[in-house]
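Listed below, chain by chain, are the residues.
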Amino acid sequence: MSNIYPNLTKLYSVGKTVENRDLWVIAIGRNLDIHETLRPHVKYIGNMHGNEVVSREVLLHLVEYYLTSYGNNNTITNFLDNTVVHIMPSMNPDGFSQANVGDCTGIVGRNNKNGYDLNRNFPDYFAVNSAPIQPETLAVMNWTQQIPFVLSANLHGGTLVANYPFDNYPNANGVRKYVTSPDDDIFKSLSKTYSYKHKDMYTGSHCGDKFPEGITNGALWYPVTGGMQDWNYIMAGCMEVTLEISCCKYPAANTLQGFWTANKDALVDYLTRVHSGVKGIIYDEEGKIVPAATLKIKGRELVYFRSSKNGEYWRILLPGTYTIQVYNGINSTERSFVVKNGQATRLDINSWNPVSSSSTLNQGYSLFGGIFMFQPLLIACYHLMVIIIS
């Protein structure tokens with residue numbers, strides 16, 4: 001498809017697996033080689049568990065749908081003119097190579113070649129994750145930190161539900177309970193966008209499971225240490241949910257078209273939610289853009305996000321009145337704004353003055369107090385905080 005539509009796509013690899021396979025991504029959008037101010041990036045990741053294969057197929061169908069609809073469907077054309085979509089059909093091709101057709105409930109091929117579950121392999125906010133970070137995990141982490149993703153989902157199989165943060169809590173020990181994130185209202189809304197646009201996920205009764213409205217809080221379903229969605233949300237500033245889209249993990253090939261039909265509208269509509277909430281550019285007092293500024297929405301203090309290298313920021317929010325705070329590590333600037341239904345409020349902040357032009361601003365940042373640090377140190381600090389709290 002990339003060869004057929006070179007003006008709308010860019011095929012690239014974010015890294016290698018244990019067995020040296022590429023982790024391919026196809027980016028879709030207009031003028032991909034040109035930075036367009038405040039054009040948001042979104043992503044889908046499939047086949048994180050190698051034996052859960054339906055996501056590979058539906059994401060390839062989605063790529064085809066986007067490309068064949070551009071110029072023929074006004075809604076899709078407008079979306080791709082104003083958004084960059086990144087799709088990784090398989091995060092675990094090594095595991096996929098070991099999986100077996102017709103294995104609906106097994107685990108052969110679930111893990112990567114080294115035997116690690118990639119959805120238990122990310123640094124965790126609530127607990128120390130002692131599992132060594134795998135090549136696939138590190139590649140996705142680096143990729144996510146290089147591109148300012150705003151909205152994301154990772155796709156799985158085994159039931160039908162949209163699962164949202166938080167996935168874990170301190171000293172969970174497998175005990176299920178609802179763990180509310182600061183953006184719980186938004187995550188429930190995003191999840192319902194998917195479940196209600198899906199053919200029948202919203203009914204909530206599938207595969208022997210019952211999930212009201214087809215959604216669930218992650219820790220209420222079962223706590224997970226090292227999950228990708230919490231890492232995206234807390235450490236990368238990207239809102240992500242986990243989508244379970246098939247009862248059978250590796251169904252027969254002749255059933256795959258039905259899965260695409262069931263998920264098509266949900267996949268399309270979910271990503272359009274990126275164009276809601278607030279967006280803008282951060283400038284200092286001299287009118288220069290401010291990269292890596294630390295931002296939060298007042299009342300949602302736990303989770304910070306940051307401006308891009310071009311000074312841009314985005315945050316998905318429901319309609320309402322909010323206050324945004326921009327930090328330089330010592331003081332902050334506040335601005336109030338209103339979000340209306342179905343659109344993103346433009347709010348540039350022009351008076352924020354960083355303490356210095358230190359290169360520290362470009363070395364990554366912590367979500368605690370706007371302290372900037374290298375990523376390895378950031379992970380170590382998370383682990384130390386968890387130990388102190390517990």
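Look a little higher up for the structure.
Residues numbered from 1 in each chain as written. Predicted model: local features only at pLDDT ≥ 70, side-chain atom pairs only at ≥ 80, totals over all residues. Heavy atoms only, no water.

**Focus: the sheet that holds strand S15 (residues 320-327)**
The following threshold applies: Any two strands with at least two DSSP-identified bridges between them are counted as paired. To qualify as a helix, a DSSP run of H or I must reach at least 4 residues; to qualify as a strand, a run of E must reach at least 2; elements of each kind are numbered from the N terminus.
Strand order in the open sheet formed by four strands is S13-S12-S15-S16, and the pairing between neighbours is antiparallel. Looking at strand neighbours, the two that pair on one side only are strand S13 (305-306) and strand S16 (332-339), the edges of this open sheet. With eight bridges connecting them, S15 and S16 associate as antiparallel partners. Following the sheet pairing, Gln325 is matched in S16 by Glu334.

**What about the state of the cysteines?**
Working definition of a disulfide: a covalent bond connecting the sulfur atoms of two cysteines. Selection rule: Throughout, disulfides are identified as pairs of cysteine sulfur atoms within 2.5 Å of each other. Relative accessibility thresholds used throughout: buried, under 20% of the residue-type maximum; exposed, over 50%; partly exposed, between the two (1.4 Å probe, protein chains only).
Scanning all chains against the criterion turns up two disulfides. Cys207 shares a disulfide with Cys247; S-S distance 1.9 Å. Residues Cys207 and Cys247 are joined through a disulfide that is left-handed, its torsion about the S-S bond being -75°. In this pair, Cys207 sits in the loop between strand S7 (205-206) and strand S8 (209-210) while Cys247 sits in the loop between strand S10 (239-246) and helix H8 (256-272), placing the two residues 40 residues apart along the sequence. The class of Cys247 is partly exposed, set by a relative accessible area of 37%. When the bonded cysteines of the protein chain are numbered from the N-terminus onward, they pair as 1-4, 2-3.

**Quick look at the packing of aromatic side chains**
Using the following cut-off: For Phe, Tyr and Trp, rings pair up if their centres lie within 6.5 Å, where Trp contributes its six-membered ring, and each pair is then called stacked (planes under 30 degrees apart), edge-to-face (over 60) or tilted (otherwise). Put simply, a charge is over a ring when the Lys NZ or the Arg CZ is close to the ring centre, within 6 Å, and near the line of the ring normal, within 35 degrees.
Inspection of the entire model under this criterion finds 17 aromatic pairs. With centroids separated by 5.9 Å and ring planes inclined at 45°, the aromatic side chains of Phe166 and Tyr233 adopt a geometry described as tilted. A residue pair is termed long-range when its members are at least 10 positions apart, and Phe166 in the loop between strand S6 (159-164) and helix H5 (184-197) and Tyr233 in helix H7 (residues 228-235) qualify at 67 residues. Note on Phe166: relative accessible area 2%, which makes it buried. Taken together, the ring pairs connect Tyr125, Phe126, Phe166, Phe187 and Tyr233 into an aromatic cluster. One residue, Lys43, lies across the ring of Phe149, its end atom 5.4 Å from the ring centre. Seen from the ring of Phe96, Arg56 lies directly overhead, with NZ or CZ sitting 3.6 Å from the centre.

**A look at H5**
Basically, it comes down to this: By this rule the span expected of a helix is its residue count minus one, scaled by 1.5 Å. Here, residues are in contact when the closest pair of their heavy atoms is within 4.5 Å.
Between its first and last C-alpha atoms H5 spans 20 Å; for 14 residues at 1.5 Å apiece the expected length is 20 Å, and the two agree. Considered for burial, the residues of H5 that qualify are Asp184, Ile186, Phe187, Leu190, Ser191, Thr193, Tyr194 and Ser195. Of the surrounding secondary structure, the elements contacted by the buried residues of H5 are strand S5 (149-156), S6, strand S9 (215-217), H7, S10 and H8.

**Topic: the pairing of S10**
With eight of its eight residues buried, S10 lies for the most part within the structure. In the sheet, S6 pairs with S10 via five bridges, with the strands oriented antiparallel. Paired with Leu160 across the strands is Ile245, a residue of S10.

**A closer look at the side chain of Thr242**
Rules: Here a polar contact is recorded for every N or O atom pair within 3.5 Å, except that within protein the pair must consist of a potential hydrogen donor and a potential acceptor, and residues adjacent in sequence are included only if both atoms are side-chain atoms.
Topologically, Thr242 is positioned in strand S10. Looking at Thr242, the relative accessible area reads 6%, which means it is buried. Polar contacts involving the side chain of Thr242 include one to the side chain of Asn154, which spans 3.2 Å. Among the polar contacts listed, one links the side chain of Thr242 to the side chain of Gln229, at a separation of 2.9 Å.

**Re the sheet that holds strand S1 (residues 9-16)**
Selection criterion: Axes, fitted as lines to C-alpha atoms, cover a helix only where it is in contact. Angles between the N-to-C directions of the axes lie from 0 to 180 degrees.
Strand order in the open sheet made by the eight strands is S1-S2-S4-S3-S5-S10-S6-S9, with mixed pairing throughout. Of all strands in the sheet, those with a lone pairing partner are S1 and S9, marking the two edges. Neighbour-to-neighbour, the strand axes of the sheet open up by a mean angle of 20°, direction not taken into account. As judged from the three bridges shared by S6 and S9, these two strands associate in the parallel manner. By the bridge assignment for S9, Tyr164 is matched with Asn217. Across the sheet, H5 is in contact with S5, S6, S9 and S10; its angle to S10 comes to roughly 30°.

By themselves, these figures tell us nothing about what the structure is for.
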